[in-house]
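Here's the letter readout for the chains.
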Amino acid sequence: MTETPTNITSLRPSTLSTLGLGSPLDIFRRGRRPVTAEEAVTAVFGPPEHRGSLVISGASGIVGAGKTMQLGSRLEPFGVRVVALDMPGAPDGIGRQYPGLVRAFGREGADRVMSNITRLTYDGKSLPPQLADFDPRFLLEAIPEILPIKRAHYEAFRAEYPDIEIRSVTSGFPARELGVGVAHPAFPHEINKMWETVEAEPSHIPQLLWALGLVPVPVADHWSFVLDVIFCGVTQAAIRYHRASNMPYWKIDKWVRKILGPNPFRAHDAIGAKGANFLTWSCLHHLGEQYGELFEPTPELIERKDSGQTWYPPNHFRPLVDWELTEAEEAELRQWLIGPMVQMASLLLEEERAHPSIANAIGETCAQLRHGVLALARDLGVEGSRKAVTDYHRHHPEAARGAWFPDALEVLNEVGLQQLYVNAEHDGRVGSITLSRESYNWDVDAELNRAIDWLRSEGIERVIVSGDFHLATQLVGADTAEFFPALDEEEEGYRVSSAWSKTARRLHDDFATSVAFLDGKRCLGGMLEMVLHCHFVVAESNVGLGFPEVTLPVVPGMEGCHWPFRRAQRGQWSKLAELLLGGRSVKAEAAQGWLIDFAGPLDEALRVVWALASGDTGDQGEVQGIERRPLFEGPLEGVAAELDKAETPQMVAGGVAIRDTVLAATAASLGEALEVQSRHSARFMPSAACRKGVVGQARDRVERV
């Protein structure tokens, strides 16, 4: 555990601290965010009366256009002009973004954002003189990945604007090679909020991104950072298996998805094979020069880098090729894929390329791994990880000659690697538990239990439960991939529901006072069920709350079918039924008193959380009016009549199963209800309705190769 300068003891350092923004518990104690959007905008672009502009060079390309929209829509309300700079004749990437902008903001809002963007052209050597009229303060460079051209570009800007902040969106060049900092937006560029940032120390730029609702993740100054080591690395591993087996790329892609999660070849084609192939080759080329054969580009990649050829053939060719594997062949394929991923994990650990939780999250959020590379290695264990790599080296012995650090894997047993998704802090009186993964899975469950154990061992009886104000911008529910085994075995469904519910109950039973705080876009499904076990639930006004299980369909398994009813008055049960049976969501401000306890503007909600958790109401008179809603432990009467009052659509299979579960679980005592609900949830999992629904279809897409 570590000690922070604010007298907060933590299981591990918070990822928020890597941005120079302190810790989540500090935010609750202050009752405000460490920096507001207005403060961050002023720090970079100047005060409102002298506000400068953002320049995006290469703005017509895929990355540049996507970031023009993403940043432009967020900066427009603050009066920051966006200048989109590119060569004459460049494709109109910005115009192609307009329909998406309309979908997000409506036509009026989209037009307002677009009218705040000024397009300028230049010859690639000298800057247009009219640029000075916009007082450039921040340049985001998105020109081609050719180092001499980039350096000349920066020199031109610095000659004209010596104080300008410059960041490159490069996928692979270290800041020390570029001579500027890095702000690399992760794939897919148009929608993903995560940015890898390279800074000598925390600066205003990543803090600006954070304050605007994006997710900057500091990484060390090494070639290809973290994301492209992982994403290009998994692509390379898949190509190498093709060389060994001659299996078609599209078929390998299906196996990669089944074993690891992503579809690297489809991703290249979706981005645009010509550009994506070049970027992957560029990253691997430089990594190969630094680290050897593990990363050295294969002839197939070099060929496609030059030709721009796609990896997938037309759809009508694929069914003609079938390729089944024996058990031994499948085991060999797994060695070809998992071994290099673990070897890359050893490189990330050896060079300390990022906070472990950040490195792991990049793999999941951006590279679409089902389990980040550090979680993958952690699950294998130190010796299992080493064996996975040595098994791989039997197929590819040249990879053993570089970028293999078996001793670095020893840290897998340390707290920082054991708590990748859940952290805990306390100040001696009040503790906090923060989640950095947006969906609940077995890893989160195990880490949450360890965090609770640690706080209790530290003598903490008052706790706040929330997202981490950084990596988790919403809490979307349970990771439905964890339900796949339950589609075939009822006992697997019972194991999930029963174990996760017991963990959630600890938030109620193990602390004298527990307060959940919800911010961001939404809190749904299993995550909402989990936090509802806290004695108080406080939310920012506009957070969406709901139980979408009926639309999947599955039966809520973390006590959502009875626990909320035991906390609400009888006249409010029909509202709960509308959420459960209708699959609707509700804004937090409309859910006060029957689902949650308080909703308000962010700073006010933070102050309420601290007053409730600390027991110190101070001048917060409104907190004194929030009484702890009792938890009724006996059987509830009259639930069926109240359910009949709910405005819900015609009952389909999922709705019928959920209604039956509500009636059975509320008819039981609290001590019996966990078992009742878990059994009902488990019985529905292998049903035809569930197997044909969203979860079953997802299982088929992942596991049928």
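Residues numbered from 1 in each chain as written. Predicted model: local features only at pLDDT ≥ 70, side-chain atom pairs only at ≥ 80, totals over all residues. Heavy atoms only, no water.

Quick look at the pattern of salt bridges
Formally: The salt bridge criterion pairs a side-chain nitrogen of Lys or Arg with a carboxyl oxygen of Asp or Glu, the two atoms within 4 Å. Classification of residues uses two cut-offs on accessible area relative to the type maximum, computed with a 1.4 Å probe and protein chains only: under 20% is buried, over 50% is exposed, and between them is partly exposed.
Counted under the stated rule, the structure contains 40 salt bridges. A salt bridge links Arg-353 to Glu-351; the nearest nitrogen and oxygen atoms lie 2.8 Å apart. Relative accessible area serves as the criterion here: at 19%, Glu-351 is assigned to the buried category. Notably, a salt bridge pairs Arg-506 with Asp-453, separated by 2.6 Å at the nearest N-O pair.

Some points on the packing of helix α17 (residues 442–457) against helix α18 (residues 490–509)
Test applied: Where helices are involved, their axes are fitted lines through C-alpha atoms of the stretch in contact, as for all axes, and angles between N-to-C directions lie from 0 to 180°. Each helix is a run of H or I in the DSSP string that is no shorter than four residues. Each strand is a run of E no shorter than two, and both are numbered from the N terminus. Working rule for angles: under 35 degrees goes down as roughly parallel, over 145 as roughly antiparallel, 65 to 115 as roughly perpendicular, anything else as oblique. In a left-handed crossing the near helix is turned counterclockwise from the far helix by less than a right angle, and in a right-handed crossing that turn is clockwise. Whether two residues are in contact is decided by their heavy atoms, any of which lying within 4.5 Å being enough. Residues are grouped as follows: Ala, Val, Leu, Ile, Met, Phe, Trp, Tyr, Cys and Pro are nonpolar; Asp, Glu, Lys and Arg are charged; every other residue, Gly included, is polar.
At a closest axis distance of 10 Å, the pairing of α17 and α18 adopts a crossing angle of 30°. Taken as axis vectors, α17 and α18 run roughly parallel relative to one another. Handedness of the α17/α18 crossing: left-handed. Facing Trp-442, Asp-445, Leu-448, Asn-449, Ile-452 and Asp-453 of α17, the residues of α18 in contact are Arg-495, Val-496, Ala-499, Trp-500, Thr-503, Arg-506 and Leu-507. In terms of residue class, the contact of α17 with α18 is built from seven nonpolar, two polar and four charged.

Quick notes on the sheet that holds strand β3 (residues 53–57)
Strand pairing in a sheet is mediated by backbone hydrogen bonds. Such pairs are either parallel or antiparallel. Put simply, the rule reads: Pairing between strands requires that DSSP locate at least two bridges from one strand to the other.
Read across the sheet, eight strands follow the order β5-β4-β3-β6-β7-β8-β9-β10 without closing on themselves; strand pairing throughout is mixed. With one partner strand each, in any of the chains shown, β5 (117–121) and β10 (215–218) form the two edges of the open sheet. Across the sheet, the mean angle from the axis of one strand to that of its neighbour is 25°, orientation sign disregarded. Inspection of the sheet shows strand β4 (residues 82–86) paired to β5 by five bridges, in the parallel sense. Bridged to Val-83 within β5 is Thr-118. Running at roughly 95° to strand β6 (residues 136–141), helix α2 (residues 37–45) makes contact with β3 and β6 of the sheet.

With respect to the state of the cysteines
Rules: Note on terminology: pairs of cysteine sulfur atoms within 2.5 Å are recorded as disulfides.
This structure, assessed with the given rule, holds zero disulfides. Here Cys-523 is not cross-linked by a disulfide; its sulfur's nearest cysteine counterpart is in Cys-534, at 10 Å. Of all cysteine sulfurs in the structure, the one in Cys-690 sits closest to Cys-561, which takes part in no disulfide; the separation is 14 Å. Accessibility expressed as a relative area gives 0% for Cys-561, which makes it buried.

Quick notes on a positive patch on the surface
How we decide: Grouping into patches uses exposed residues only, defined as over 30% relative accessible area, and leaves out salt-bridged ones; the cut-off is 9 Å for like charges and 5 Å for nonpolar side chains (Val, Leu, Ile, Met, Phe, Trp, Tyr). For the area figures, the Shrake-Rupley method with a 1.4 Å probe applies, and any residue is considered shielded solely by the protein chains shown. Only four residue types enter the charge count: Lys and Arg as positive, Asp and Glu as negative, with His and the chain ends excluded. The atoms used to mark charge sites are NZ of Lys, CZ of Arg, CG of Asp and CD of Glu.
Positive charge collects at one region of the surface, where Lys-193, Lys-521, Arg-522 and Lys-587 lie side by side. Within the secondary structure layout, Lys-193 lies in the loop between β8 (181–185) and β9 (194–198). The class of Lys-193 is partly exposed, set by a relative accessible area of 33%.

What to know about the packing of aromatic side chains
Spelled out, the test is: Here a pair means two rings of Phe, Tyr or Trp (six-membered ring of Trp) with centres within 6.5 Å. Their orientation is stacked below 30 degrees between planes, edge-to-face above 60, and tilted elsewhere. Charge-over-ring contacts are defined here by two conditions on Lys NZ or Arg CZ: a distance within 6 Å of the ring centre and an angle within 35 degrees of the ring normal.
With the rule as written, the count across this model stands at 16 aromatic pairs. An angle of 85° between the planes, with centres 4.9 Å apart, marks the rings of Tyr-249 and Trp-311 as edge-to-face. With a gap of 62 residues between them, Tyr-249 in helix α9 (residues 249–259) and Trp-311 in the loop between α12 (299–307) and α13 (327–350) connect regions that are remote in the sequence. In this pair, the class of Tyr-249 matches that of Trp-311, namely buried. By way of ring pairs, the aromatic residues Tyr-440, Trp-442, Phe-483 and Trp-500 are connected into one cluster. A cation sits over an aromatic face here: Arg-437 above Tyr-421, 5.5 Å from the ring centre. Across the ring face of Phe-511, the terminal group of Arg-456 is positioned such that the distance to the ring centre comes to 6.0 Å.

Quick notes on the pairing of strand β14 (residues 462–467)
Burial of β14 is extensive: five of the six residues sit out of reach of the surface. As judged from the six bridges shared by strand β12 (residues 430–435) and β14, these two strands associate in the parallel manner. In the sheet register, Gly-431 faces β14, and the bridge partner there is Val-463. Across four bridges, β14 lies against strand β16 (residues 513–518) in parallel orientation. Bridge pairing links Arg-462 to Thr-513 in β16.

What about the domain arrangement of the protein?
Stated formally: Reported domain spans reflect what an automatic or database domain assignment gives. Once two parts are put together, the accessible area they lose, assessed with a 1.4 Å probe and summed over both, is termed the buried area. Polar contact is defined as a pair of N or O atoms within 3.5 Å, subject to the rule that within protein one atom must be able to donate a hydrogen and the other to accept it, and that residues adjacent in sequence are counted only when both atoms are side-chain atoms.
According to the domain assignment, the protein contains domain 1 (37–218), domain 2 (226–417) and domain 3 (421–703). A separation of 40 Å is found between the C-alpha centroids of domain 1 and domain 3. The interface of domain 1 with domain 3 comprises five residues on the first partner and four residues on the second. Of the roughly 370 Å² buried at the junction of domain 1 and domain 3 (both faces included), carbon and sulfur atoms supply 65%. Our count for the domain 1 to domain 3 interface comes out at zero salt bridges. Counting every contact that joins domain 1 to domain 3 gives two residue pairs in polar contact (both at pLDDT 80 or more). Considering every element that reaches the side of domain 1 that touches domain 3, the biggest residue donor is β10, with three residues. A per-class count over the side of domain 1 that touches domain 3 returns five nonpolar, no polar and no charged.

Focus on the side chain of Arg-12
Its place among the elements puts Arg-12 in the loop between β2 (9–10) and α1 (24–30). Buried and without a salt bridge, Arg-12 has Glu-447 as its closest oppositely charged side chain, separated by 5.9 Å.

Let's talk about the sheet that holds strand β19 (residues 544–546)
Judged by pairing direction, the sheet is mixed, and its three strands sit side by side in the order β17-β19-β20 without closing on themselves. This sheet does not close on itself; its edge strands, each paired only once, are β17 (522–524) and β20 (585–587). The mean angle between the axes of side-by-side strands here comes to 20°, regardless of whether they run parallel or antiparallel. Alignment of β17 against β19, held across three bridges, turns out to be parallel. Among the inter-strand pairings, Leu-524 is bridged to a residue of β19, identified as Gly-546.

Considering the pairing of β8
Of all five residues in β8, five are buried; the element is thus mostly enclosed. Across two bridges, strand β7 (residues 165–168) lies against β8 in parallel orientation. Pairing of Arg-167 across the sheet is with Gly-181, part of β8. Here four bridges tie β8 to β9, and the two strands are oriented antiparallel to one another. Each residue of the ladder has a partner; that of Ala-183, found in β9, is Thr-197.

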